[in-house]
Each structure stands twice: as C-alpha cells, then as structure tokens.
Amino acid sequence: MGNIIPNLTPQQINDIRTSAYFAKSSCDTFQDAKTQSVNISNKTLTFKNYVQHTPHNDKVIAASGELDKIAQGLKDQYAKSDKVSPAFCKIKFTSIETSAETMQKIIGDKPR
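What counts and how
- Residues numbered from 1 in each chain as written.
- Predicted model: local features only at pLDDT ≥ 70, side-chain atom pairs only at ≥ 80, totals over all residues.
- Heavy atoms only, no water.
- Disulfide = S-S within 2.5 Å.
- Helix = DSSP H or I, 4+ residues; strand = E, 2+ residues; numbered from the N terminus.
- Buried < 20%, exposed > 50% of the residue type's maximum accessible area, 1.4 Å probe, protein only.
- Phe/Tyr/Trp six-rings, centres within 6.5 Å; stacked < 30°, edge-to-face > 60°.

Caption draft 1: Seen up close, the state of the cysteines. Scanning the model with the defined rule gives one disulfide in all. In this model, Cys27 is linked to Cys89 through a disulfide, with the two sulfur atoms separated by 2.0 Å. Between Cys27 and Cys89, the disulfide has an S-S torsion of -70 degrees and is therefore left-handed. In this pair, Cys27 is assigned in the loop between helix 1 (8–23) and helix 2 (30–51) and Cys89 in helix 4 (residues 86–108), connecting sequence segments 62 residues apart. Exposure remark for Cys89: the relative accessible area of 0% places this residue in the buried category.

Here it is, written out as structure tokens:
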C-alpha cells in the first residue's frame with residue numbers, strides 16, 4: 001500500500017503538461033510568455049512540494065525536482081531579461097511538456 005500515489009498527483013502533472021503545450025503559443029509575445037512562465041513555475045513548485053515526502057516514490061520525487069528546475073529557470077530568465085527569444089521559450093516549454101509526460105509514465109507504472 002505504501003507505493004500508491006494519491007489520485008491528485010496524476011491530475012497535477014497532467015495540468016502541467018497541458019499548460020506547457022498551450023503556453024508554447026504565447027512565446028511570440030513577451031508579456032504573455034512571461035505570465036505563462038510564472039504560472040507554470042507555480043504549478044511545478046506545487047507539484048514538487050506535494051510529492052516531496054511521499055514514501056517509496058524516489059523516482060517521482062527526483063523527477064519533480066528536475067521538472068521544477070526547468071520551469072523555475074524559464075521564469076527566472078523572464079525576470080532578469082526583457083529579451084527572451086521565442087525559440088528559447090518554445091524549447092523550454094517543450095522540455096517541460098516532455099518531462100511532464102515522462103513523469104506521467106513513471107506515475108502510471110506505480111501500483112494502484
């Protein structure tokens with residue numbers, strides 16, 4: 001029973017993945033992309049904090065930390081520069097989306 005991940009976790013990671021997918025379309029407009037980077041970084045931090053003390057889930061805990069680093073890095077880039085390229089933005093949101101999908105697979109492999 002200790003390996004069961006609460007149902008909220010898949011919903012959170014699905015929300016992060018879906019948000020990253022849609023956020024890519026905002027990359028051509030600096031302020032919109034900046035707003036999306038803050039929103040998604042809040043979601044990844046919430047997810048990381050949620051899973052950090054879940055027992056027997058070392059892979060999920062490690063992956064959530066890496067996912068949060070990507071999102072926080074994107075947010076920080078927008079905070080320190082008003083010249084973030086749309087290509088960089090799209091690469092980072094794609095990376096968040098891909099990492100979230102990988103996390104879904106990790107979570108999906110857990111017993112229910």
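Caption draft 2: Layout of the packing of aromatic side chains. Evaluated as defined, the whole model comprises two aromatic pairs. A centroid spacing of 5.1 Å and a plane angle of 80 degrees characterise the contact between Tyr21 and Phe22, whose relative ring orientation is edge-to-face. Tyr21 sits in the partly exposed class, given a relative accessible area of 47%. On the basis of an interplanar angle of 55 degrees and a centroid distance of 5.2 Å, the ring pair of Phe30 and Tyr78 is categorised as tilted. With Phe30 in helix 2 and Tyr78 in helix 3 (residues 58–80), this residue pair connects regions lying 48 residues apart in the sequence. Residue Phe30 is classed as partly exposed on the basis of its relative accessible area, which comes to 26%. Tyr78 gets classed as buried once you look at its relative accessible area, which sits at 2%.

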